[in-house]
Amino acid sequence: MEWALHTISRYFPFVTVLGRMAGFFLESVAAIFTPKFYSVRMLEQMQRMCVHCMVPVLFVLAPMGAVVAMESLKVFSIFGASGMTSSLLSVALFRELAPVLVSVMVASQAGAETAAELGAMRVREQIDAMEVMSVDPLKAMIVPRLLAGFFITPILTLVGTFTGILGGYIIAVMVKGSNSGAYMGNLFVWLNMMDVMGGVIKAAIFGLLIMVISCHQGFYASGGAAGVGQATNNSVVHSVVSILVVNYFLTTAFFGFNI
Amino acid sequence: MEVVNVQVLGLFGYLFAEVGRYAYFVAETFRNLFYKKFYFLNLIDEMNTIGSRSLLVLAPVSVFVGMNLCVEGFIFFKKFGAQNLVGMFVAVANIRELSPLIAGLITGAKAGTQMAARIATMRITQQVDAMEVIGVNPYAYMIIPRVIGAILVMPFLVVVAYFVSTLSAYLVAVYQLGLNGDAFMNLVFANITMQDMYKGMIKGAVFGGIIATVSCYSGYTASGGARGVGAATNLAVVRMSTAVVFFNIFLTEWMFM
């Protein structure tokens, strides 16, 4: 009995945090649709997110596409079907790799940045000061970030997909010496519009998820410099885990309907 | 044109300066490996922290990664009627690439950011300076145990990721997709060798070294107040995930091609 209570009480904070996060999300959705919308701040956040996340996204997706091309070239050439390398690569990138890896990079760049910024503001009592000056912090700081995450992550995903295809091209054609025309010709053979749209919708959901988690972590940070570090750490871990967990359900929902 | 030049030069200058400082940091770490005192208890402590904390996150995540991989492979192979071959896809993708990579990313996100945040907090509250003043070598005391701990622990996390994700892929193949379980496992075992698993563990060890050195470097060079701790953590996680994915390509080329 002792151990059962112990186990349950270990998971109790988790459920509490989930409930608080849901409440936080609903409050900020309500704040989107009530007047005083800070559109300039939203554009600012979008621009910052694009600029800051672009370099990590390019640097991660190009090697990833190269590795997938390398492995699949080796496996497919066993069957004598090395032309299929690029078809597998583009399907894998559009559906899985680009949304997941771009979201992981957005979580580690923009999400961690958000948590650090909001946490520092909370710890130095700037958020309380905003409330005293009757500026709603939800509308001024949270809503622009949520919308930026929701709209920018899909765009970054498309950029990352093309980077991955380029990385695969560099390895398959320039390094391993397979045929350039076959690579480009087979690129979109197995791809249909549902794959592209599914990837983009996935990325939008992940972006919203990341921003909700990191804004919540930063907004309720406490305990000085160590607390800010803890909030940043938690935001990255929780975002990455929830991306990878939610990804399975989204894959089954979007692509698994005809199996 | 002038502005562009200045910005580009500034960017590259920053990049090279950071890489140089990082190389100096790594060299200093190696030099202090042979310091007269080796803090063995710190090493055990760090191994415990890295392993146990990351394991609790890695195991649930690996379940979903394996499930997702199996579903994706099934959908792709069904297009040419080869859906029974999904075991091969799962084996190759999982053992060679995905498990080491996911173990690296999760350990980086969990243990790496924690290292960065803790060391940055110590730097900002001037505990590192205090340590130097009382004659304790900060490299030997807190950097080396973390680096060696990550290198020693990561291969075993990779093994956990192998088993958990292959098992969950098996469960999905049998109960969600309705494949034959024995045929699936036979294909998995036919397409991996012990060599592949050792190579994946070596990948994991290299990733552990990258993660620990990069995050300790980011924390060690932090500056500014509470904002600086957050910025160091942020930089650490971005740098190490980029570095892990980037070095993965060389490791794959070296080991599996």
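Before any of the text, the structure's been laid out above.
Residues numbered from 1 in each chain as written. Chains lettered and ligands numbered in written order. Predicted model: local features only at pLDDT ≥ 70, side-chain atom pairs only at ≥ 80, totals over all residues. Heavy atoms only, no water.

A.B. asks: Would you take a moment to explain the overall build of chain B for this structure?
C.D. replies: Counting its secondary structure elements, chain B contains 8 helices and 0 strands. Overall, chain B shows an N-to-C arrangement of helices and strands of α-α-α-α-α-α-α-α. Overall size of chain B, expressed as C-alpha extent along the three principal axes, is 65 × 55 × 35 Å. Evaluated residue by residue, chain B yields a buried proportion of 55% over its 257 residues. The long-range share in chain B, meaning contacts at least 24 apart out of those at least 6 apart in sequence, stands at 84%. Carbon and sulfur atoms form 69% of the exposed surface of chain B, whose accessible area is close to 11400 Å². (Helix = DSSP H or I, 4+ residues; strand = E, 2+ residues; numbered from the N terminus. Buried < 20%, exposed > 50% of the residue type's maximum accessible area, 1.4 Å probe, protein only. Contact = heavy atoms within 4.5 Å. Areas by Shrake-Rupley, 256 points an atom, 1.4 Å probe, with all protein chains shown as cover.)

A.B. asks: Would you explain the overall build of chain A in this entry?
C.D. replies: Helices and strands together make up the secondary structure of chain A, namely 8 helices and 0 strands. For chain A, the succession of helices and strands along the chain, N to C, is α-α-α-α-α-α-α-α. In terms of overall dimensions, chain A has C-alpha extents of about 70 × 55 × 35 Å along its principal axes. Going through the 259 residues of chain A one by one, you find that 56% of them count as buried. The long-range fraction of contacts in chain A, counting pairs at least 24 apart against all pairs at least 6 apart in sequence, stands at 86%. In the structure as shown, chain A presents an accessible area of about 11100 Å², 71% of it carried by carbon and sulfur atoms. Taking the 13 positively charged and 12 negatively charged side chains of chain A as two groups, their mean positions are separated by 5 Å. (Lys, Arg positive; Asp, Glu negative; His and termini not counted. Charge placed at Lys NZ, Arg CZ, Asp CG, Glu CD.)

A.B. asks: Help me understand the side chain of B:Asn137, please; the structure alone is not making it clear to me.
C.D. replies: All names here are of chain B. With respect to the element layout, Asn 137 can be found in the loop between α4 (127-133) and α5 (138-176). The class for Asn 137 is buried, based on a relative accessible area of 13%. Reaching out from Asn 137, the side chain makes a polar contact with the backbone nitrogen of Tyr 139 at a distance of 3.1 Å. The residues contacting Asn 137, other than those within four sequence positions of it, are Asn 32 and Tyr 35. (Polar contact = N/O pair within 3.5 Å; in protein donor to acceptor, adjacent residues only side chain to side chain.)

A.B. asks: How should the pattern of salt bridges be read in this particular structure?
C.D. replies: All names here are of chain B. For the structure shown, the criterion picks out 17 salt bridges over all chains. Close ionic contact of Glu 28 with Arg 31 constitutes a salt bridge, the shortest N to O distance being 3.2 Å. Separated by 3 residues within a single helix, Glu 28 and Arg 31 lie in helix α1 (residues 2-31), roughly one turn from each other. Relative accessible area serves as the criterion here: at 15%, Glu 28 is assigned to the buried category. (Salt bridge = Lys/Arg side-chain N within 4 Å of Asp/Glu carboxyl O.)

A.B. asks: Sorry, what's going on with the interface of chain B and chain A here?
C.D. replies: A common measure of how large an interface is: the accessible area buried when the components associate. Counting from both sides, the interface comprises 51 residues of chain B and, opposite them, 53 residues of chain A. Regarding the contact of chain B and chain A, the summed buried area is about 4600 Å², with carbon and sulfur atoms giving 74% of it. There are 4 salt bridges connecting chain B and chain A. In this structure, the salt-bridge partner of B:Glu253 is A:Lys176, at a minimum N-O distance of 3.3 Å. Of all the secondary structure elements, the ones that give two or more residues to the side of chain B that touches chain A are α2 (40-78), α3 (86-124), α5 and α8 (226-256) of chain B. When residues of the side of chain B that touches chain A are assigned to their parent elements, the largest contribution, 18 residues, is made by α8(B). (Buried area = accessible area lost by both parts, 1.4 Å probe.)

A.B. asks: Would you take a moment to explain helix α3 (residues 85-123) of chain A for this structure?
C.D. replies: Because each turn of an α-helix spans 3.6 residues, side chains separated by three or four positions end up pointing in the same direction. Residue and element names in this part refer to chain A. At Leu 93, α3 shows its strongest bend, of approximately 60°. Within α3, 38 of the 39 residues are buried, leaving the element largely enclosed by the surrounding structure. At the exit of α3 stands Glu 125, carrying a positive phi of roughly 65°. (Bend = angle between axes of the 7 residues up to and from the residue.)

A.B. asks: Can you help me understand the environment of A:Ser222 in this one?
C.D. replies: Among the structural elements, A:Ser222 can be located in the loop between α7 (193-219) and α8 (224-255). Separated by 124 residues in the primary sequence, A:Ser222 and A:Ala98 have C-alpha atoms spaced 34 Å apart.

A.B. asks: Would you explain unusual backbone geometry in this entry?
C.D. replies: Most peptide bonds adopt trans geometry, and most residues besides glycine take a negative phi value. All names here are of chain A. With phi around 70°, Lys 36 is a residue other than glycine that occupies positive phi space. As for its placement among the helices and strands, Lys 36 is situated in the loop between α1 (2-32) and α2 (39-78). Positive phi outside glycine occurs at Glu 125, with the angle close to 65°. One can find Glu 125 in the loop between α3 and α4 (126-132). Overall, the relative accessible area of 53% leaves Glu 125 in the exposed class.

A.B. asks: I keep staring at the side chain of B:Gln114 and nothing clicks. Help me out?
C.D. replies: Here B:Gln114 lies in helix α3. We classify B:Gln114 as buried; its relative accessible area is 12%. Filtering out sequence-adjacent residues up to four positions away, B:Gln114 remains in contact with A:Asn233 and B:Arg53.

A.B. asks: I'm lost on a nonpolar patch on the surface in this one. Help?
C.D. replies: Residue and element names in this part refer to chain B. Residues Leu 11, Phe 12, Leu 15, Phe 16 and Val 19 make up a contiguous nonpolar surface patch of roughly 530 Å² in combined accessible area. The residue Val 19 is located in helix α1 in this model. Residue Val 19 is classed as partly exposed on the basis of its relative accessible area of 49%. (Patch = residues over 30% accessible without salt bridge, like charges linked within 9 Å, V, L, I, M, F, W, Y side chains within 5 Å.)

A.B. asks: What should I look at first to understand the packing of helix α5 (residues 137-175) of chain A against α7(A) in this one?
C.D. replies: For any two helices packed against each other, the geometry comes down to the angle between their axes and how far apart the axes lie. Residues and elements named next belong to chain A. Packing of α5 against α7 brings their axes to within 8 Å, and their N-to-C directions diverge by 150°. Regarding the angle of α5 to α7, the classification is roughly antiparallel. Both α5 and α7 take part in a crossing whose hand is right-handed. Only Val 200, Ala 203, Ala 204, Gly 207, Leu 208, Met 211, Val 212, Cys 215 and Phe 219 of α7 make contact with α5, whose side of the interface consists of Pro 137, Met 141, Ile 142, Arg 145, Leu 146, Gly 149, Phe 150, Thr 153, Pro 154, Thr 157 and Leu 158. (Axes fitted to C-alpha atoms, helices over the stretch in contact; angles between N-to-C directions. Parallel < 35°, antiparallel > 145°, perpendicular 65-115°, else oblique. Left-handed = near helix turned anticlockwise from the far one by under 90°.)

A.B. asks: Is there a simple way to explain the packing of α5(B) against helix α7 (residues 194-220) of chain B in this structure?
C.D. replies: Residues and elements named next belong to chain B. Running from amino to carboxyl end, α5 crosses α7 at an angle of 145°, the nearest separation of the two axes being 7 Å. The chirality of how α5 crosses α7 is right-handed. Along the lines of polarity and charge, the residues of the contact of α5 with α7 split into 19 nonpolar, 5 polar and 2 charged. (Nonpolar A, V, L, I, M, F, W, Y, C, P; charged D, E, K, R; others polar.)

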